[in-house]
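Tertiary structure, described
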Amino acid sequence: MKQKKESFVNHQIKSAILLTMDTIRVTLEPSQSGDAKNWKIANEGGEWPLTIIEVADHTIDLLLSKPYDFDQTNIVVCDSDTCYVEVRDVVRTDEFDDFFYYSGNDLGVTYTKEQTKVAVWAPIATKVNILLYKKWHDETGERYTCSRDGKGVWRAELDGDYESIWYLFEVYVNQSWRKVIDPYAKFLSINGQKAMIGDHAKTQLAQWPKLEPLSSPNDMIIYELHIRDFTIGRNNGIKHKGQFVGMTEEGTMDPHHLITGIDYLERMGITHVELLPVQEFGSIDESNRQDPNHYNWGYDTTHFFVPEGSYATDPYDGYSRNRELKLLIASLHKKQIRVIMDVVFNHLYIWEDSPLEQIVPGYFFRHTDENEMSNGTGVGNDFAAERNMARKMIVDAISYWIEEFHVDGFRFDLMGILDTETMKQVAKETKKATKDIFILGEGWDLPTSYPPELRAITDQARELPQIAFFQDRFRDGIKGSTFESIQPGFVSGNDFSIDEIVSGVRGSMELFSSPKQAINYVEAHDNHTLWDKLKEIHPHEETELLQKRHRLATSIVMLSQGIPFLHAGQEWFRTKYGCENSYNQPDWVNQFDWNQRAYFEKTVNYIRGLIKIRRAHPAFRMETYKAIKEHFHLMLVESDCIAYHLRNLGELDRWDDIIVIHNASLYKKRIPLPKNTDWYVVVDDHAASLIPLSKIGEDCVNVSPLSTWVCVNYKTK
């Protein structure tokens, strides 16, 4: 949306850049020398002398004699030569960051029927207008001038009722006019082309369902799904396919008369649904969203405060997406299922076109020491969350989603890009909510240009005790390396992974401050599904053996200390047909296959049984490492088998003792049991049940190959 720069005579000076709050660097044409002495800076308010600090090859650094006028167009003058000053590198200095930090809560639009107030942070702009449009597709708007305050916030007050009027900002930055979307917009047109002045009351629900309290984050069982994947299938009985409201439909069934959709989630017994990104993202044309080949996970955010329009019944309506996401969240709350948003704050889609870059070039994105774009995310840009207004934007967005949409938690994509201080501020902000908000994230140490000791990576987990981390070491220990498709893990006979298994089942106390920080998982939306990974490792193995390995891996996750995480469809051997990265693949690859779910209903019920056992018995979700050390006893550690005893549970659990055995061998294992007590099997290779499946008549148990067994006694109850 850039417009042509205004011209100005410039004979000898090639460029002039504001490097710091008091230094300008002038670059001369190659044919010129740095002999000139009479340097000045001028604007409408007058002119002031500049002092030469340093002369180098075709560059001169000049010291300001007074504070730089950011609200003025400034010109460097030397004799008859002149050049506009470009405000560039200075925006990445601490002095700029501190000077222009704005702590107010009125950025964006504040609407009432009597008056609309707008505010945008644009500290290096010298002119700002707001353009108003009656229709989102209008090309010509009505222009109103904004006024600036000392923190670089530009404001306008519009008297009267402007509800449903569309708008853009027009900013004059570095001698260039740019039309931009409001970074704090709460309502958008199709494909985010314009923002809308909206009345939040028009998206409010009559009443939000009441959630029964969870006693602890350790009670959580997270189930990750994608809106389109879960609702798009032909045979699921859902009418609004690929849409928010599709997940609100109750009473849906497949051709086998098995429940589908939101009722299926309730039946599974999970406590939290983690939605893949529902913030507005840029990779889907919302006007063509039903095309089965037009698909994306959504990890390319364009707007932090607005739901994605392709999931709305009417993406042209500025209210539709907001109202319908609220309906979805309320529908899950009605079934006592909480909602975690997968949020993408680590980068933006096409950073050059982002309104943040257009309004304050160079500020919101991290740069290397060589002034190149940092690219730890691998997608071309890293969001500079360590800067005050970038951090504020993240915290403001989190607060907004909690207050306006009643979200219950946030999964931070590539959290290791972000700094620890930002994540501490996020955690602090969530404590203001009237309910507990859960935060988890990917603590990968990625090659971004910010020190690892200051970033929210797994190695810094103890600095962030209120935040949980995906435990990738345990994941790879169970199934094998995520990035080497044929490398096996514990369930496939890798005898080098046993240490990670022992650590993981005990809650990864070597890494974290408490078990609630450990997110245990073996499959997620990215990389191979567990089934496809096992097929890569064992391409010629019988299907029955693959299924046993799969159930074994999932049962390890479900019974370990920490918080279990399931990928939608993991409970029925979900496949993506070998596709390792399905982020933009068509529906036939990504969709939730309800026919396969029906075919493997027995395995679905097995996972449901594990969920019931976990939720009913606190011994599988102890609150502290002290308790784990007190009650957890390793009985057997072999390269292909681990057995442990949760003992002397007393008042902690209705079961006095629990023995868990994970046998990854192809052979039966005979495991001795403590004597002089009655032992009952509640999990074997076929079923998982709160009601004992059988009683053991001797002092040992024969554990089937590639299976998990759980034996319990409750003699004193």
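Right, let's get into the environment of phenylalanine 169. When you line up the elements, phenylalanine 169 lands in strand S14 (residues 166-173). For phenylalanine 169, a relative accessible area of 0% gives the class buried. Expressed as a C-alpha distance, the spacing of phenylalanine 169 and aspartate 182, which sit 13 residues apart in the sequence, is 6.6 Å. Ignoring anything within four residues of it in the chain, the contact list for phenylalanine 169 reads Val118, Ala119, Val120, Val128, Asn129, Ile130, Arg178, Lys179, Val180 and Asp182.

Once that is clear, we can look at the confidence of the model for the chain. Across the chain, the average pLDDT comes to 95, with 97% of residues at 70 or higher. Note that residues 1-11 has pLDDT below 50 and, in this model, 28 contacts with residues that lie over four places away or in other chains.

Moving on to helix H10 (residues 530-537). Of all eight residues in H10, six are buried; the element is thus mostly enclosed. Among the residues of H10, Leu530, Trp531, Asp532, Lys533, Leu534 and Ile537 are the ones counted as buried. Summarising the contacts, the buried residues of H10 are in contact with helix H8 (472-479) and helix H11 (543-559).

Put simply, side chains in a regular strand alternate between the two faces of the sheet. Burial along strand S17 (residues 222-225) is two-sided: Ile222 and Glu224 facing one way and Tyr223 and Leu225 facing the other are all buried. Note that S17 and strand S24 (residues 563-567) share three bridges and pair parallel. Opposite tyrosine 223, over in S24, you have leucine 566 as the bridge partner. Sheet topology note: the S17/strand S18 (residues 272-275) ladder contains four bridges and is parallel. The residue of S18 that forms the bridge with glutamate 224 is glutamate 274.

What follows deals with the pairing of strand S1 (residues 13-20). Here S1 runs beside strand S2 (residues 23-28); their pairing, made up of six bridges, is antiparallel. Within S2, the residue paired with threonine 20 across the bridge is threonine 23. Taking the residues that link successive antiparallel strands as the turn, the S1-S2 hairpin has two residues. Looking at chain direction, S1 and strand S7 (residues 81-87) are connected through three bridges and run parallel. Along S7, the bridge assignment pairs leucine 18 with valine 87.

A few words on the packing of H10 against H11. Taken N-terminus to C-terminus, the directions of H10 and H11 make an angle of 130°; their axes are 10 Å apart at the nearest point. Here H10 is positioned oblique relative to H11, judged by the angle of their axes. Crossing of H10 over H11 shows right-handed handedness. In this structure, H10 contributes Leu530, Trp531, Leu534 and Lys535 to the contact, and H11 contributes Thr543, Leu546, Gln547, Arg549, His550, Ala553 and Thr554. A class-by-class count of the residues in the contact of H10 with H11 yields five nonpolar, four polar and two charged.

Attention now moves to the packing of aromatic side chains. Tallying each qualifying case throughout the model produces 44 aromatic pairs. Here the aromatic rings of phenylalanine 304 and phenylalanine 345 are separated by 4.8 Å at their centres, their planes lie at 75°, and the arrangement is edge-to-face. With a gap of 41 residues between them, phenylalanine 304 in the loop between S18 and helix H4 (320-334) and phenylalanine 345 in the loop between strand S19 (338-343) and helix H5 (355-359) connect regions that are remote in the sequence. Accessibility classification places phenylalanine 304 together with phenylalanine 345 in one group, the buried group. Above the plane of the ring of tyrosine 172 lies lysine 127, whose end atom (NZ or CZ) is 4.7 Å from the centre. The cationic tip of lysine 186 hangs over the ring face of tyrosine 400; the distance from NZ or CZ to the ring centre is 5.3 Å.

As a further point, take the pattern of salt bridges. All chains considered together, the criterion is met by 39 salt bridges. Taking the shortest distance from any N to any O, the salt bridge between aspartate 149 and arginine 155 comes out at 2.8 Å. Classification of aspartate 149 by relative accessible area gives partly exposed; the value is 23%. Owing to a relative accessible area of 25%, arginine 155 belongs among the partly exposed residues under this scheme. A salt bridge links glutamate 286 to arginine 321; the nearest nitrogen and oxygen atoms lie 3.2 Å apart. Here glutamate 286 is found in the loop between S18 and H4, whereas its partner arginine 321 is found in helix H4, with 35 residues between them in sequence. Of the two residues, glutamate 286 and arginine 321, both sit in the buried class. Bridged by salt links that share partners, the residues Glu250, Asp263, Glu266, Lys334 and Lys335 form one connected network.

With that settled, consider the sheet that holds strand S4 (residues 46-56). Spatially, seven strands are ordered S1-S2-S5-S4-S3-S6-S7 in a closed barrel, and the strand pairing comes out mixed. On average, adjacent strands in this sheet sit at an angle of 35° to one another, irrespective of strand direction.

The terminal C-alpha atoms of helix H14 (residues 601-616), which comprises 16 residues, lie 22 Å apart, in line with the 22 Å expected from a rise of 1.5 Å per residue. Every buried residue of H14 is listed here: Glu601, Thr603, Val604, Tyr606, Ile607, Arg608, Gly609, Leu610, Ile611, Ile613 and Arg614. Close packing links the buried residues of H14 with helix H3 (261-268), H11, S24, helix H13 (594-599), strand S29 (679-683) and strand S32 (707-713).

Sheet architecture is closed into a barrel: eight strands sit in the order S17-S18-S19-S20-S21-S22-S23-S24, paired in parallel fashion. Taking each pair of neighbouring strands and ignoring which way they run, the sheet shows an average axis angle of 30°. Lying on the sheet, H11 is in contact with strand S23 (518-520) and S24; it crosses S24 at an angle near 145°.

Grouped together as the largest cluster of nonpolar side chains are 190 residues, with contacts concentrated most on Trp39, Phe70, Phe96, Trp121, Phe410, Phe412 and Ile658. For this core, the element with the highest residue contribution is helix H6 (residues 388-405), accounting for 11 residues. Contact partners of phenylalanine 412, with chain neighbours within four places excluded, come to Val343, Phe345, Ile394, Ile398, Leu418, Met423, Val426, Ile439, Leu440, Gly441 and Glu442. Of all hydrophobic cores here, the second largest spans 16 residues; its members include Ile222, Ile417, Ala468 and Ile519.

Located in the positive-phi region is asparagine 174, a residue other than glycine, with phi close to 50°. In this fold, asparagine 174 is placed in the loop between S14 and strand S15 (176-180). Backbone geometry places glutamine 175, a non-glycine residue, at a positive phi of 60°. Relative to the helices and strands, glutamine 175 resides in the loop between S14 and S15.

Quick look at empty space enclosed by the protein now. Summed over the entire model, instances satisfying the criterion amount to eight cavities of 30 Å³ or more. Quantified by volume, the largest cavity comes out at close to 120 Å³. Along its surface, the largest cavity is lined by 13 residues, and Trp121, Pro183, Tyr184, Leu356 and Phe364 are the ones closest to its centre. Elements represented by at least two residues in the lining of the largest cavity include exactly strand S9 (115-121), H5 and H6. With three residues, the top contributor of residues to the lining of the largest cavity is H5. Residue composition of the lining of the largest cavity, grouped by class: 12 nonpolar, no polar and one charged. Taken as a whole, the second largest cavity encloses approximately 90 Å³ of empty space. If you trace the second largest cavity, you find 14 residues lining it, with Gln72, Ile124, Thr126, Asn174 and Gln175 closest to the centre. Elements with a contribution of two residues or more to the lining of the second largest cavity: S7 and S14. Residues belonging to the lining of the second largest cavity are distributed by class as follows: seven nonpolar, six polar and one charged.

Reading the values: the criteria
Residues numbered from 1 in each chain as written. Predicted model: local features only at pLDDT ≥ 70, side-chain atom pairs only at ≥ 80, totals over all residues. Heavy atoms only, no water. Helix = DSSP H or I, 4+ residues; strand = E, 2+ residues; numbered from the N terminus. Buried < 20%, exposed > 50% of the residue type's maximum accessible area, 1.4 Å probe, protein only. Contact = heavy atoms within 4.5 Å. pLDDT = per-residue confidence, 0-100. Pairing = 2+ DSSP bridges. Axes fitted to C-alpha atoms, helices over the stretch in contact; angles between N-to-C directions. Parallel < 35°, antiparallel > 145°, perpendicular 65-115°, else oblique. Left-handed = near helix turned anticlockwise from the far one by under 90°. Nonpolar A, V, L, I, M, F, W, Y, C, P; charged D, E, K, R; others polar. Phe/Tyr/Trp six-rings, centres within 6.5 Å; stacked < 30°, edge-to-face > 60°. Lys NZ or Arg CZ within 6 Å of the ring centre and 35° of its normal. Salt bridge = Lys/Arg side-chain N within 4 Å of Asp/Glu carboxyl O. Expected span 1.5 Å × (residues − 1). Core = buried A, V, L, I, M, F, W, Y, C linked by side-chain atoms within 4.5 Å. 1 Å grid on protein atoms, 1.4 Å probe; cavity = no way out; pocket = protein on both sides within 12 Å on 5 of 7 lines; lining within 4 Å. Points joined across faces, edges and corners; volume = space filled by probe spheres on them.

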